[in-house]
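Read off the chains here:
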Amino acid sequence: MSALVIALSSVVVLLLAAVPTVVQACLPSDRAALLKFRSNLNEPYIGVFNSWKGQDCCKGWYGVSCDPTNRRVSAITLRGISEEPIFQRAKRKGVMTGSISPAICELTQLSGITLSDWEGISGVIPTCITNLLAMRHIDLVGNKISGAIPANIGKLLKLTVLNLADNQISGVIPPSITSLTSLSHLDLKNNGLTGVIPGDIGRLKMMSRALLSGNKLSGQIPESLTRIYRLADLELSMNRITGPIPASLGRMSVLATLNLDGNLISGDIPGTLMTSSISNLNLSGNLISGKIPNTFGPRSYFTVLDLSNNRLQGGIPESITTASFVGHLDVSHNQLCGKIPAGPPFDGLDATSFAYNRCLCGKPLGDCRK
C-alpha cells in the first residue's frame, strides 16, 4: 500500500513539474487601452514610451502603475519636467504633442492621471473620464488643452486633486464641481474660464487651495467660500470679479494667502483682514475706496501687503507700526495724504512704495510742509 502511495505521489510531482509557470501579467484589455492612449501622443526627445513593450504593462512600462492585488492599471504618471535618470540622460525637458485618447476611459480602475508640463498636448479632456469613478488625481497642468471642463466632473466623488492650470480651457466652472467633497487642491489658473464662481463652492469642506487666477471669471466672491475652514490659499487674481470683499474672509482660521489683484472689486477694505491669519495679501489693481483700516496690531504679520493702484483715501494708519512684521508694503497709486508713520516697517522701504498719491509726505518721500 505504501509503495502505491509513493508511486502516485511521484506521478503527481512529475505532472506538477510539467505544468508551465503562469506569468501574472496585466489585463490584456488594459494593455490594449494603454497602447491606444500612446498612439495619440508623440514624444521624440526623452523616450518615455520606449519601454512600453512586452505583454506585461505592469512591469517596466515607464510611468505606469498597477494595483498589486489585481494587476489592473491604477495610474499613469508622465511629467515633462523631472529629475529622473531618463531626463538627466537627455539633458533637456520633454515636449509632447498629440491629444488624450478616449481610450484612457477603458482603464476602468484608473485612480490617477498625470500628464503635466509637456507644453504641446492639445485637444479636449475626454468627457468619458467622468465615468472613472476610482479617480483621485487629475493633473494636466502646462499643456495646450482646450474645450470645457467635463460637465459631469462632479461624479468623481473620490477626487482629491484637480489641476488643469496653464492650458487653454474655456467655458464655465461646472456647477457639479461642488459635489467633489473630497477635493483638497483645485488649480484652474491661467485658462479662459468665464462665468461665475459657483455660489455653493463652500460645500468643498476639504479644500485647502483654490487657485483660479488668470481667467475671465465675473460676479462676486461667494460668501460660502469663507465657510471652507481648511482653506489656506485663495487666488482670484486677474479676473473680472466685482463687488465687495467679504469681511468674513478675515475670520478664516488658516487662510494665509489672499490674492485678489487685477479685478474690479469695489467698496472698503474690511478691517478684519488686518488682524487675520493672512500673511500674503494682494488687493492691488482694483476699484477699492475708503481708508486703510486702522486695525493693525501684534497679530498682524504680512510678508506681502499690496494695496497699490486703488482709490484709497486718508492717511496711512499709525496702528500699522504695531504689526509684528510687514515685509513688502506697497500703497502707491492711490489718493492717500498725510505723514508716513516713522519706524518699522517704513524704515526699510523706498519711495516707490508710496509714489503717485495725493499728498503723502515724510521719509522716504520729501519732508512734510509745516
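Report on the accompanying structure. (Residues numbered from 1 in each chain as written. Predicted model: local features only at pLDDT ≥ 70, side-chain atom pairs only at ≥ 80, totals over all residues. Heavy atoms only, no water.)

A closer look at the sheet that holds strand S7 (residues 137-139)
Rules: When DSSP finds two or more bridges between a pair of strands, those strands are recorded as paired. A run of H or I in DSSP counts as a helix once it spans at least four residues, and a run of E counts as a strand once it spans at least two, with each numbered from the N terminus. Note on geometry: axes are C-alpha line fits, over the in-contact stretch for helices, and angles between N-to-C directions span 0 to 180 degrees. When checking whether two residues touch, look at their non-hydrogen atoms; a contact exists if any pair is within 4.5 Å.
Here we have 12 strands laid out as an open sheet, ordered S2-S3-S5-S7-S8-S10-S12-S13-S15-S17-S19-S20, and mixed in their pairing. In this open sheet, the two strands that pair with only one neighbour each are strand S2 (64-66) and strand S20 (325-330). Geometrically, the sheet is characterised by an average inter-axis angle of 10° between neighbouring strands, direction not taken into account. Running over the sheet, helix H2 (residues 28-39) touches S2, strand S3 (73-79) and strand S5 (112-116) and is turned about 25° from S3.

What to know about the nonpolar core
We apply this condition: Only buried residues count toward a nonpolar core. Its members are Ala, Val, Leu, Ile, Met, Phe, Trp, Tyr and Cys residues joined through side-chain atoms within 4.5 Å. When a residue's accessible area, from a 1.4 Å probe over protein chains only, is under 20% of the maximum for its type it is buried; when over 50% it is exposed; and in between it is partly exposed.
Within the largest apolar cluster, 97 residues are counted, with the highest numbers of intra-cluster contacts made by Ile113 and Ile138. When contributions to this core are tallied by element, the ones reaching two or more residues are H2, S2, S3, helix H3 (85-90), S5, strand S19 (301-306) and S20. Those residues in contact with Ile113 that lie beyond four places of it in its chain are Ile76, Ile104, Ile129, Met135, His137, Ile138, Asp139 and Leu140.

Let's talk about the packing of aromatic side chains
Put simply, the rule reads: Two aromatic rings, drawn from Phe, Tyr or Trp (for Trp, its six-membered ring), form a pair once their centres lie within 6.5 Å of each other, and the interplanar angle then sorts them: stacked below 30 degrees, edge-to-face above 60, tilted otherwise. We call a charge positioned over a ring when the NZ of a Lys or the CZ of an Arg lies within 6 Å of the ring centre and within 35 degrees of the ring normal.
As enumerated under the stated definition, the model contains seven aromatic pairs in all. Measuring from ring centre to ring centre gives 5.4 Å for Trp52 and Trp61, while their planes differ by 25°; the resulting arrangement is stacked. Taken individually, Trp52 and Trp61 each receive the classification buried, so the pair is uniform in this respect. The lysine or arginine in question, Arg92, covers the ring of Tyr45, its NZ or CZ lying 3.8 Å from the ring centre.

Examining empty space enclosed by the protein
The criterion, for reference: In the cavity and pocket records, a cavity denotes points on a 1 Å grid over the protein atoms alone where a 1.4 Å probe fits but cannot get out, a pocket denotes an open set with protein on both sides within 12 Å along at least 5 of 7 lines, and lining residues are residues with an atom within 4 Å of a point. Grid points are joined across faces, edges and corners, and a volume is the space filled by probe spheres set on the points. Classification used: nonpolar for Ala, Val, Leu, Ile, Met, Phe, Trp, Tyr, Cys and Pro, charged for Asp, Glu, Lys and Arg, polar for all others including Gly.
Going through the model one piece at a time under the given rule, you end up with one cavity of 30 Å³ or more. The calculated volume of the largest cavity comes to roughly 40 Å³. If you trace the largest cavity, you find it lined by Ile292, Phe296, Leu305, Leu307, Ile316, Ile320, Leu329 and Val331. Partitioned by chemical class, the residues of the lining of the largest cavity number eight nonpolar, no polar and no charged.

Examining the pattern of salt bridges
Keep this limit in mind: Salt bridges are defined by distance alone: a side-chain nitrogen of Lys or Arg within 4 Å of a carboxyl oxygen of Asp or Glu.
Across all of its chains, the model carries seven salt bridges by this definition. Among the salt bridges present, the one from Arg71 reaches Asp56, with a minimum N-O distance of 2.9 Å. Highlighted residues: Arg71 in the loop between S2 and S3 and Asp56 in the loop between strand S1 (41-42) and S2, separated in sequence by 15 residues. With respect to class, Arg71 is no different from Asp56; both count as buried.

What to know about the side chain of Asn215
Just so we agree on the cut-off: Counting of polar contacts relies on pairs of N or O atoms within 3.5 Å, with two restrictions inside protein: one atom must be capable of donating a hydrogen and the other of accepting it, and residues adjacent in sequence are counted only when both atoms are side-chain atoms.
Take Asn215: it is sitting in the loop between strand S12 (209-211) and strand S13 (233-235). Among the polar contacts made by the side chain of Asn215, one reaches the main-chain amide nitrogen of Asn191 at a distance of 3.2 Å.

Section: the environment of Lys155
Mapped onto the elements, Lys155 comes out in the loop between S7 and strand S8 (161-163). Remark: the alpha-carbon pair of Lys155 and Phe346, spanning 191 residues in sequence, is separated by 52 Å. Residue contacts for Lys155: discarding those within four places in its chain leaves Thr130, Asn131 and Leu133.

Let's talk about the sheet that holds S1
Sheet strands associate in pairs through backbone hydrogen bonding, adopting either a parallel or an antiparallel arrangement. Taking strand neighbours across the sheet as the criterion, the three strands line up as S1-S4-S6 in an open arrangement whose pairing is mixed. The sheet is open, and its two edges are formed by S1 and strand S6 (119-122), each paired on a single side.

Structural notes on the side chain of Glu235
Structurally, Glu235 can be placed in strand S13. Once you skip the residues sitting within four places of it in the chain, Glu235 turns out to touch Ala210, Leu211, Leu212, Ser213, Thr257 and Asn259.

Topic: the environment of Pro345
Its location among the elements puts Pro345 in the loop between strand S21 (337-339) and strand S22 (359-361). Once you skip the residues sitting within four places of it in the chain, Pro345 turns out to touch Ile320 and Val326.

Description of the pairing of S3
Across a regular strand the side chains alternate sides, sitting on one face of the sheet and then on the other. Most of S3 sits inside the fold, with five of its seven residues counted as buried. Bridge analysis of S2 against S3 gives three bridges, and the strand direction is antiparallel. Bridge pairing links Cys66 to Val73 in S3. Where S2 folds back onto S3 in an antiparallel hairpin, the turn is made up of six residues, including Arg71, whose phi is positive at roughly 60°. Judged from the five bridges that link them, S3 and S5 form a sheet pairing that is parallel. Within S5, the position partnered with Thr77 by the bridge is Thr114.

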